[in-house]
Structures are given as C-alpha cells and as structure tokens.
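Chain and residue survey
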Amino acid sequence: MGPGERSGPAADIVIVNWNTGRHLADCLRSIVRTDRSLLRVARVVVVDNASTDRSHENLTTPGIPLTVVRNSRNHGFAVACNQGAALGDSDFLLFLNPDTELYPDTLRAVGDFLRSPAARGPGICGGRMVDARGRPAVSCSRAPTLRTFLGKATGLDRLAPALFPPHHLRPAETTASRPVDQVIGAFFLLRRPLFYRLGGFDERYFLYFEEADLARRARQLGRGSYYVHEARVHHIGQVSSAQLGGRRLRHSLCSRTRYAFRHWPRSHAWLLVALTLTVELAARLARSALHASPSECRATLAGYGGYLRWLCTTTGRLLERGLLQATAPAPDPTAPTPPPLTTEPAEDVHHAHR
C-alpha cells in the first residue's frame, strides 16, 4: 500500500519509454511516493520501444506490481500505448510520459476530482504541467484546425491571437480547472471502457497527434476532456523526441496531415498540405538562416524530404484504394467486425512484484 492508500478507484499506469536515461527511474520513484489514497495504482506497465541506453533495466516500484515489456524494434507511441493498456483491467488508464514526475499530491488531486460532480461528463482528464521551478508549461490545447496551423506558421497567433488562437492554451487560460478540447499526452487519464469503445489509440500515428485524435473521437461520443489545475506534474519535455533530429519534424508533419484528412473537410486538409509545403517551409528555413544554424536547416530539409516521400506514397495508396473500392463488390453486412485493438505482440514481457 502506498502513502495513505485504501480501497477506491484504481488506475493502471502505462509508460512508453525510448532512451530516456535516468528520467524513467525518476518517474517510477515519483509514482511510489505520491499519495494514492483516492486513486489506487493497480499496476505500472513500462513498454520499452527498443531503447539502446539500458534505461529499461533494473526498474523497481516497491509495493506496486510492475510489468516491463521489451519490444525488439520501435513500434511507435500509439502501438506501445495499446500494448500496455492490454495488460491491465483497472477502471482507469493513465498514460504517463517517462520524462514526468508526480508530486506527492498529484494522484490525490485527480482522485478528488473523480469524486466530484464535474467528473460525471468528461471521459479524459489531465493535469497542470510545470517545469523544474514550478512555472506553468503546456498542459492542454485547442482542437487542431486550419486556422491554428496558419496562425502558427505565419506568426499571426502572436500578432492577432483573437483571430488566430494559438494551438496550445496559454498559462492565463489555465488558471483554474475547466473543460478543454484536449489535454496533452504526458499525463492522460481516461476511463478504460471509453478507451476500448474508441478502439484505443489509432496505430497509424507513429508519434504526435494520437492523443488529439483520441480526444476528438471521445468528444464525438459526448465524453470530453477536463483540465485538473490542482494536479501538478513536473514535465521536462522532449527527452526522447529531441534525439530524432529531422525525423521528429517528419513525424509531426505526417501525423498532423493524417489527422487533417481524417477529421477535416477534404478541402481544408489539402490546404494544410499546401501551407506546409510553401509558407511554413519558407518560414522554417528563414528562421534557421536567422539563427545561423546549419544543423537546424539540415534537420528541416531532412524532415520535409521524409514528409514528401510519405505524402507521395500515401497519395498513391489512396488513389489505388479508391480504384479498388470503385470496382469491388458490395461488402457482406453479415461479416464479423474486426476487434477494437490491433496491437503488435510484445516480444519480451517481464513481471515484477515488489
């Protein structure tokens, strides 16, 4: 039992790791130390996506069952989250980044919220991200739209925020608990039945926008997201993604384009592609020139090169699929539907009960 822990709602914590060094162990220690009296931690699952820094080794969570899944290759964030979720059965799922640390009262604040009338409607909730000095960091966001991306690409989100609201909510907008479009994936708590009803995270997202996609689909079912201001979380941020270089940009561009074609009018999605390849590319290259940073320029070009290859491949597949669907016979309405989650199997699973 943890500090003050007693019976009540329980959560399984899923952490996806990729070369986060000491931060993963620090995160686990913070889980052990936090007050779990109002929200029990039934199990911690660490899914390691083929780390090479040995950060997944010799992990401990005294008093909490720990499962470590070791993948032989990096399957991506969404796949790994679904793998971890499948290994528990608690009422709630908490997806937690390995570069976060809980405060002693973090889970108590969340448990207190779950007992309040405000928790009856939302299906997802998140906490208040802070840096090492306790200053506010990005905690929640507006639903992505063409206007938000145009504002960010041109700087209009800073010059005219009333017309072009920034994607992420500013600190002045997160001074109290409130419903939001989405909370960031660093601390992402949701009800397990809702997770399975939605089919889990869409595994076509390798990195980025998987939580935005899930939050949007939850809102469409009437289960929105809620920001819990009292639940502080120390979030370092970008510990893993900073190691990707140009691949980080490629994943971001590919994922947001996938999101746009899934959720926006087709004309808006194609306008985003045009914006990405013209105004935004020019702005990124100009910024790297202003910074006199050849490495930033190379990363931008590498990221856009990967994005263009993905875009050409994906467009070709869509055209091919359209032709196949136009000539295929009508589907059999009595055919069974596929299972809600299609995850990669875990190559190596280690259970530790400490």
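Placed above this text is the structure.
Residues numbered from 1 in each chain as written. Predicted model: local features only at pLDDT ≥ 70, side-chain atom pairs only at ≥ 80, totals over all residues. Heavy atoms only, no water.

Quick look at empty space enclosed by the protein now. In the structure shown here, the tally under the stated rule is one cavity of 30 Å³ or more. What the largest cavity holds in volume is close to 60 Å³. Around the largest cavity, the lining residues are Phe-92, Phe-113, Leu-114, Ala-119, Pro-122, Gly-123, Ile-124, Cys-125, Leu-189, Leu-190 and Arg-191. Broken down by element, the residue count for the lining of the largest cavity peaks at three residues, all from strand β10 (residues 187–191). (1 Å grid on protein atoms, 1.4 Å probe; cavity = no way out; pocket = protein on both sides within 12 Å on 5 of 7 lines; lining within 4 Å. Points joined across faces, edges and corners; volume = space filled by probe spheres on them. Helix = DSSP H or I, 4+ residues; strand = E, 2+ residues; numbered from the N terminus.)

Before going further, it helps to examine the pairing of β10. Counting buried residues along β10, four of its five residues qualify, which places the element largely inside the surrounding structure. As judged from the five bridges shared by strand β4 (residues 92–96) and β10, these two strands associate in the antiparallel manner. Its bridge partner being in β10, Leu-96 is matched across the sheet by Phe-187. In this structure, strand β6 (residues 124–130) lies alongside β10, joined through two bridges in antiparallel fashion. Its bridge partner being in β10, Ile-124 is matched across the sheet by Leu-190. (Buried < 20%, exposed > 50% of the residue type's maximum accessible area, 1.4 Å probe, protein only. Pairing = 2+ DSSP bridges.)

Of all the residues in helix α4 (residues 146–154), the buried ones are Thr-148, Phe-149, Gly-151 and Ala-153. Phi turns positive, to about 85°, at Gly-155, one or two residues after α4.

If you check the backbone angles, Asn-58 has positive phi at about 55° while not being a glycine. By the secondary structure assignment, Asn-58 is in the loop between β2 (40–49) and β3 (66–71). Backbone geometry at Phe-209 places phi at a positive 70°, although glycine is not the residue there. Relative to the helices and strands, Phe-209 resides in the loop between α6 (192–197) and α7 (210–220). On the basis of relative accessible area, Phe-209 is assigned to the buried category, the value being 12%.

Let's shift gears to the side chain of Arg-36. Positionally, Arg-36 belongs in the loop between α1 (22–33) and β2. Exposure remark for Arg-36: the relative accessible area of 1% places this residue in the buried category.

Functional significance is not addressed by these values, which are geometric in nature.
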